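Chain residues, written in single-letter form:
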Amino acid sequence: MNEDLALNADENPSGSASNGMKVSIVTVCFNSADTIEDTIRSVREQRYESIEHIIVDGGSTDGTREIVSRYNGRIKKFISEPDRGIYDAMNKGLALATGEIVGFLNADDVYMSPSVIGDVAGAMHAKNVDGVYGDLVYVGRQNSSRVLRYWRAGEYRPRAFHRGWVPPHPTFFCRTSVYQELGGFDPAYRIAGDFELMLRFIERNEIGLRYVPKPLVRMRAGGRANRIRGIIQGNREIIHAFRSNGLTFSNRFFCTKLVRRIQQLMWKRSSNPIL
C-alpha cells in the first residue's frame, strides 16, 4: 500500500509565514492506533507553514492505517508495507523527503508547542549550522501530563559523546544535504541506529550544530530500548558504533551516561519544563 496524499496548504491552521526552508517530518509507526492521531495533530498545529509530513507504517493491523487515512490531504506521503526494522523504515522516510531540513517524530511523540518547527528553522539560518537539537521531556504512557524525566541536552562540546553525552534523537533536525553526503541509518542496528547516526554526523564528521535550550518534544516513556534486554543490546550496539566509526570507546561512557540520567530525574523535580 503506497498512498501519495496531496498537502493542502489552506488546511494549515497556523497562519504563520514560512521563512523559505521546507521541513520534512518523518513519522515511523507500527500498530500505533492508540497514539498516532496525537502525533499527526501535533504536526498540524505547527505555526510554521512549509512542512511536509511523511508517515511510514510497517504494515499495521490495528487500525493505524484507517486513522491516518482520515487526514487525507494533510499528509504529504503515506506508505504501509513490511520493513526490516525501524531504521529501514526511517531510511524510507528519508528517501521520500523533499524538504531542506528533516526531523523524525515517532508515533509515541508530540511537539511541545506549535512554535517548535519555526524555532528549528530559525536556528538553521545561523551561519554554518547543519543540525539543530533541543531538550526532551519523558511523560507517562497513559497520562501524558505526568512528567517522568527531563532530558536537558546542553551545549555540545568536542568529544562529548565519549563522555556519555548524546542529544535526544526526536529533537534532532538535520539538513537533507548532510544525509545525502554522510548517509542515512544503518539498518543492521536494532536499538542504537539513531545514536550511531548522530555519532557519525556530530563527533566523527563535525557538522555545524546549534542547541535550542528548551524542550522541543514530549515523549511517552516505555519502548523496547528501555527494557533490560533492550538496554543490554543497545549498549553493545553503542560500543560497536564507536568502533565502526574509528572512535575510541571507554567504559567511562556508561558511567557518565548513568550520572546524566540521574540528573534528568533531579531536573524533573526541580524544574517545570512543561510550561
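It should be noted that the structure appears before, not after, this text.
Description of the structure in this document. (Residues numbered from 1 in each chain as written. Predicted model: local features only at pLDDT ≥ 70, side-chain atom pairs only at ≥ 80, totals over all residues. Heavy atoms only, no water.)

**A closer look at the overall build of the protein**
Step number 1: Across its full length, the protein holds eight helices and 10 strands.
Step number 2: Here the analysis covers contacts within the protein between residues at least 6 apart in sequence; of these, 79% occur between residues at least 24 apart.
Step number 3: Roughly 12900 Å² of accessible area belongs to the protein as shown, and the carbon and sulfur atoms make up 48% of that amount. (Helix = DSSP H or I, 4+ residues; strand = E, 2+ residues; numbered from the N terminus. Contact = heavy atoms within 4.5 Å. Areas by Shrake-Rupley, 256 points an atom, 1.4 Å probe, with all protein chains shown as cover.)

**So, the pairing of strand S2 (residues 23-29)**
Step number 1: Most of S2 sits inside the fold, with seven of its seven residues counted as buried.
Step number 2: Neither face of S2 is left uncovered, since the one carrying Val23, Ile25, Thr27 and Cys29 and the one carrying Ser24, Val26 and Val28 both have all their residues buried.
Step number 3: In the sheet, S2 pairs with strand S3 (residues 51-57) via seven bridges, with the strands oriented parallel. Paired with threonine 27 across the strands is isoleucine 55, a residue of S3.
Step number 4: Between the parallel elements S2 and S3, the chain passes through helix H1 (residues 36-44) in a crossover that is right-handed.
Step number 5: Sheet topology note: the S2/strand S5 (residues 101-104) ladder contains four bridges and is parallel. Among the inter-strand pairings, isoleucine 25 is bridged to a residue of S5, identified as glycine 103. (Buried < 20%, exposed > 50% of the residue type's maximum accessible area, 1.4 Å probe, protein only. Pairing = 2+ DSSP bridges. Right-handed = clockwise from strand over helix to strand, strands pointing away.)

**Topic: the packing of helix H6 (residues 193-204) against helix H7 (residues 228-244)**
Step number 1: Running from N to C, H6 and H7 cross one another at 30°; their axes reach a closest spacing of 9 Å. Relative to H7, the element H6 is oriented roughly parallel. Once H6 is placed against H7, the crossing between them reads as right-handed. In contact with Gly193, Phe195, Glu196, Leu199 and Arg204 of H6, H7 contributes Glu237, Ile238, Ala241, Phe242 and Ser244. (Axes fitted to C-alpha atoms, helices over the stretch in contact; angles between N-to-C directions. Parallel < 35°, antiparallel > 145°, perpendicular 65-115°, else oblique. Left-handed = near helix turned anticlockwise from the far one by under 90°.)

**Describing the pairing of strand S4 (residues 77-80)**
Step number 1: Inspection of the sheet shows S3 paired to S4 by four bridges, in the parallel sense. Looking at S4, one finds that isoleucine 54 is bridged to lysine 77.

**Comments concerning unusual backbone geometry**
Step number 1: The phi dihedral of asparagine 128 is positive, around 60°, even though this residue is not glycine.
Step number 2: Summarising the element assignment, asparagine 128 is placed in the loop between helix H4 (116-124) and strand S7 (131-139).
Step number 3: The phi dihedral of arginine 159 is positive, around 70°, even though this residue is not glycine.

**Side note on the nonpolar core**
Step number 1: Ranked by internal contacts, the top residues of the largest apolar core, which has 65 residues, are Phe161, Phe172 and Phe195.
Step number 2: When sequence neighbours within four positions are dropped, the list of residues in contact with phenylalanine 161 reads Tyr156, Val166, Pro167, Phe195, Met198, Leu199, Ile202, Glu203, Phe242 and Phe253. (Core = buried A, V, L, I, M, F, W, Y, C linked by side-chain atoms within 4.5 Å.)

**Some remarks on a nonpolar patch on the surface**
Step number 1: A contiguous nonpolar patch, built from Ile228, Ile231 and Ile232 and spanning about 270 Å² of accessible area, is present on the exposed surface.
Step number 2: Mapping isoleucine 231 onto the fold places it in helix H7. (Patch = residues over 30% accessible without salt bridge, like charges linked within 9 Å, V, L, I, M, F, W, Y side chains within 5 Å. Salt bridge = Lys/Arg side-chain N within 4 Å of Asp/Glu carboxyl O.)

**So, the packing of aromatic side chains**
Step number 1: Under the counting rule described, the total for this entry stands at 16 aromatic pairs.
Step number 2: Seen from their ring centres, tyrosine 87 and phenylalanine 185 are 5.8 Å apart, and the 20° between their planes marks the pair as stacked. With a gap of 98 residues between them, tyrosine 87 in helix H3 (residues 86-96) and phenylalanine 185 in the loop between helix H5 (176-182) and H6 connect regions that are remote in the sequence.
Step number 3: Take tyrosine 87: its relative accessible area is 4%, and that puts it in the buried class.
Step number 4: Between the aromatic rings of phenylalanine 249 and phenylalanine 253, the centroid separation amounts to 6.2 Å while the plane-to-plane angle is 50°, which identifies the pairing as tilted. (Phe/Tyr/Trp six-rings, centres within 6.5 Å; stacked < 30°, edge-to-face > 60°.)

**Re the side chain of asparagine 245**
Step number 1: For asparagine 245, the location among the structural elements is in the loop between H7 and helix H8 (252-270).
Step number 2: Within the structure, the side chain of asparagine 245 is placed 2.9 Å from the backbone oxygen of alanine 241, a separation counted as a polar contact. (Polar contact = N/O pair within 3.5 Å; in protein donor to acceptor, adjacent residues only side chain to side chain.)

**Brief notes about the layout of surface pockets**
Step number 1: Its volume calculated, the second largest pocket comes out at about 190 Å³.
Step number 2: Forming the boundary of the second largest pocket are Phe30, Asn31, Ser32, Ala33, Asp34, Thr35, Asp108, Arg141, Gln142 and Arg220.
Step number 3: A class-by-class count of the residues in the lining of the second largest pocket yields two nonpolar, four polar and four charged. (1 Å grid on protein atoms, 1.4 Å probe; cavity = no way out; pocket = protein on both sides within 12 Å on 5 of 7 lines; lining within 4 Å. Points joined across faces, edges and corners; volume = space filled by probe spheres on them. Nonpolar A, V, L, I, M, F, W, Y, C, P; charged D, E, K, R; others polar.)

**Re the pattern of salt bridges**
Step number 1: Overall, the coordinates contain 10 salt bridges when judged by the stated rule.
Step number 2: A salt bridge links arginine 175 to aspartate 130; the nearest nitrogen and oxygen atoms lie 3.8 Å apart. One end of the pair, arginine 175, is in strand S9 (residues 173-175); the other, aspartate 130, is in the loop between H4 and S7, with 45 residues separating them in the sequence.
Step number 3: Taking relative accessible area as the criterion, arginine 175 reaches 18% and is therefore assigned buried.
Step number 4: Between glutamate 196 and arginine 200 there is a salt bridge whose closest N-O contact spans 2.7 Å. Here the residue glutamate 196 and the residue arginine 200 both occupy positions in helix H6, the gap between them amounting to four residues, near one helical turn. Arginine 200 shares its class with glutamate 196; the two are buried.

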